[in-house]
Structures are given as structure tokens and as C-alpha cells.
Amino acid sequence: MANQSRFTPGILKKARWHIQDNQVTPESVFKARRHIVKAMGLGAIGASIPGYVQAGLFDLFGEQPKTSFITTPLTFEANARFGKDEVLTPVDKVTTHNNFYEFGTSKQDPSDNAQQFKVDPWQLRIEGEVERPMTLDYQDLTKLFPLEERIYRLRCVEAWSMVIPWVGFPLAALLKKVGVTSKGKYVAFETAFDPEQMPGQKSRLMGGGINYPYVEGLTIAEAMNELTLMSVGLYGKTLPPQNGAPIRLVVPWKYGFKSIKSIVRIRVMDKQPPTSWNQLAPHEYGFYANVNPAVDHPRWSQASERRIGEGGLFSAKRIDTLPFNGYGEFVASLYEGMDLRQFY
């Protein structure tokens, strides 16, 4: 998911779905209960009240939750080449277990703090070593290219994974439209910088110590690969803000932090661009970040992962991690002759 903390506080905090299924509090109630606790004068001790008790308080006091971000249905064709036999991660897990440190470092922070995020109007600028620089507005993101649904595995560097039905268009289609010049060797990406809407950008503590705006990059060969997707939706609807609205990158053979969210600029370059996690902790996060079970993170193994499914933490299925997240047939040739321990 896109962003990981150097100190990975998200691993230490329990996500919303870690409790038993019969204790799950509806999302609207969860958002409302903070206001109830405040109104009762309970202050910090309210955090220790179980969700099902606070849900009862919601019923008693009749408080209304904050307005949630509205997603809308998309028109698309399903691409059966990818993931047709995969078991999808439930949408409520996909939208409440997120790394998006612009909205906070715990897994539930993005879904709690991003609901007022404004994505229309929006501008995405494509520039640099291209023949026809252009700027896309909000409507262009879903209208300029035919959309397709692709079911991809998502492997987080924190050793958990999901299976998500993304909706979007190939990055290659966009790059062909702007015309990459012979000097174009890399593609750089930049997330929106809006501290008033993104509290993690305003507070270094809340934002995990990242130097914002968040930036990422690919080689031109990676960017043009058929798997690389510009996603504008998931589960048939436009992206929620916690998942990177209105447009994000999806690179399924790389760890999730490479799949940058809420993109406002794409720049084709003649040299390798800086990337946020490599800048913050270069000994832990390399430029390539290909999923590789043979190369451990300095602080944990990458040999296996917990596949998030219907149940809670302890029901998450432990599976072996595959090289390139199982997409080697599509991408292994990009790295022929490279030492993947050195170029991690």
C-alpha cells in the first residue's frame, strides 16, 4: 500500500478487522462514536471502550456519522487474463486496511481521516522527455482511455497481501499518447501535496517522517510493461480516497509502496528519480522493490505472507511468497543479468 513507515507503526497497531467477526462495528458507527465519547466527557478513556459498547451508545444518543466520500460506478470491460481464479479480498478489508501516511500511520487512519478529501477538480500533468506534454482533468481520468478490470495480487513489504479487482488503463497507453522521446529512461510520479487536506503532510509524527510530497519511480521498461496499471477504481467503482483517489499506480510484481496514490504529476526523465522510502531508509527500501522471498527485509522475513480474507488476524492464511509476486512470466525478462540482491 503504498506507504510504509521506517518504524512500521502500522504493524504494531491492530487494524479494525483484527477483532472477532461478531464484534465488528459498522464503519459509519465507528466514525460516529468518537463524537459520542467526546460529548460524554470521557476523553482518552473512551478509546478503551469496546466497539460494540460504543455502538450501543450510538443507538442511545442518535448521533450521526460524518459524511463519507461517495464513490460512483464505472464502465469497464473485465480482463480475464489476470486473476480470474483468485479469491478476492473483501471490499471492507481493502478499504479499511491501508497504508497512506498522508492521512496517518495506523492501518485505519486513512479511512478515518480521508473522507473529506476533494478530488474534483483534479489535474494530472504529464511532462518531461515527451513530445506532447498534457494535463488531464478529473473527467479525463475515466474517459480518455477504455477502462478494464484486472484482478491483481497486492503484496505489502510488511508481509501481508490482498487480492483486489482494480479498474483502470495501462500506463503504456498514456505514455504512448504523450510520445516518450529517445531520452526517456525513467518515469517519476508525485502525489498531491495538500497539508490542509492531508494531515500527515502537516505533522512529521503523524506522517511517519516522510519528506512530502511522496514520490516514486519506474524504469521506462517497467512503466511500459503490460501489467503496469493506472487505476481509477476498485470493485467496479471509483477509488475511495484511502485507496488513492482519484488515480493511482498499480505495479503488482513490486511491493505495495511502489504503487503511489493520488498522483498529480508524471515526469519522464533521462536519469533515475528519487523515491520517498529509498530517501528515508535506503538500506531497507531500494529503487526496484521487486517482491523477492529470497531477500529479507532487514527486520523481518519476506519468505511468506498473510493473505487477508474474510476473518480476523489469526484466520489470515499464511502462504509462501512467490518471486515477482507470481508475475515472473510477465516481468522476469526486465531484470535479466541483474543481481536482485544488489538491485533490491
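An unreviewed UniProt entry annotates the protein chain as Protein-methionine-sulfoxide reductase catalytic subunit MsrP of Shewanella decolorationis. Under Subunit (unreviewed entry), UniProt gives the following word-for-word description of the protein chain: "Heterodimer of a catalytic subunit (MsrP) and a heme-binding subunit (MsrQ)."

(A) The overall build of the protein chain, seen in detail. In terms of helices and strands, the protein chain carries 11 helices and 13 strands. Out of the 344 residues in the protein chain, the part that is buried amounts to 56%. Excluding contacts between residues fewer than 6 apart, the proportion of contacts in the protein chain whose partners are at least 24 apart in sequence is 74%. Here the protein chain displays about 15400 Å² of accessible surface, and carbon together with sulfur accounts for 53% of that area.

(B) Quick look at the nonpolar core. If you look at the biggest cluster of nonpolar residues, it comprises 77 residues, and the most contacted ones within it are Leu171, Phe189, Ile247, Leu249, Ile263 and Ile266. A total of six residues in this core trace back to one element, the largest contributor, which is strand E5 (residues 160-170). Excluding residues within four positions of it along the chain, Leu249 makes contact with Leu171, Phe189, Leu218, Thr228, Leu229, Met230, Lys258, Ser259, Ile260 and Ile263.

(C) The arrangement of the side chain of Asn79 in detail. Here Asn79 shows up in the loop between strand E1 (77-78) and helix H4 (91-94). Residue classification places Asn79 among the buried residues on the basis of a relative accessible area of 19%. Of note is the side chain of Asn79, whose polar atom sits 2.6 Å from the side chain of Glu148. Not counting chain neighbours up to four residues away, the residues in contact with Asn79 comprise Glu148, Glu149 and Arg150.

(D) Structural view of unusual backbone geometry. Of note, the amide linkage connecting Asp120 to Pro121 takes the cis form, showing an omega dihedral of 15 degrees. Position of Pro121 relative to the elements: it lies in the loop between helix H5 (109-113) and strand E2 (123-128). Pro246 follows Ala245 through a cis peptide bond whose omega is -5 degrees. Although it is not a glycine, Ala289 sits at a positive phi angle of roughly 55 degrees. Tracing the sequence through the fold places Ala289 in the loop between helix H10 (276-280) and strand E12 (304-307).

(E) Summary view of the environment of Arg341. Inspection of the secondary structure assignment puts Arg341 in the segment after helix H11 (328-331). C-alpha separation for the pair Arg341 and Val295, spaced 46 residues apart in sequence, amounts to 6.5 Å. Setting aside anything within four residues of it in sequence, one finds Arg341 in contact with Ala294 and Val295. Of note is the side chain of Arg341, whose polar atom sits 3.0 Å from the backbone oxygen of Ala294.

(F) Representation of the confidence of the model for the protein chain in the model. On average, the protein chain scores 85 in pLDDT, and the residues at 70 or more come to 80%. Every residue in residues 1-65 scores below 50 in pLDDT, and together they form 120 contacts with partners more than four places removed in sequence or on other chains.

(G) Region of the structure containing the side chain of Asn98. With respect to the helices, strands and loops of the structure, Asn98 is situated in the loop between H4 and H5. Within the structure, Asn98 has its side chain in polar contact with the backbone oxygen of Val94 (distance 2.8 Å).

Conventions and cut-offs
One numbering rule holds for all chains: residues counted from 1, following each sequence as written. Local features in a predicted model are, by the rule used here, given only for residues with pLDDT of at least 70; side-chain atom pairs are given and counted only at 80 or more, and totals for whole chains, interfaces and linings are based on all residues. Heavy atoms throughout the structure, all of them, feed into the side-chain values; hydrogens and water do not. UniProt positions are given in the numbering used here, feature names are shortened, and annotations may be inferred rather than shown by experiment. Starting at the N terminus, helices and strands are each numbered in turn, a helix being any DSSP run of H or I of at least four residues and a strand any DSSP run of E of at least two. Remark: exposure states derive from per-residue accessible area (1.4 Å probe, protein chains only) relative to the maximum for the residue type, with buried under 20%, exposed over 50%, and partly exposed in between. The contact definition used throughout considers only heavy atoms, calling two residues in contact when any of these lie within 4.5 Å. The Shrake-Rupley method, run with a 1.4 Å probe, gives the accessible areas here. Residue values count only the displayed protein chains as cover. By nonpolar core is meant a set of buried Ala, Val, Leu, Ile, Met, Phe, Trp, Tyr and Cys residues that side-chain atoms within 4.5 Å join together. Polar contact is defined as a pair of N or O atoms within 3.5 Å, subject to the rule that within protein one atom must be able to donate a hydrogen and the other to accept it, and that residues adjacent in sequence are counted only when both atoms are side-chain atoms. Residue-level confidence of the predictor is summarised by pLDDT, bounded by 0 at the bottom and 100 at the top.

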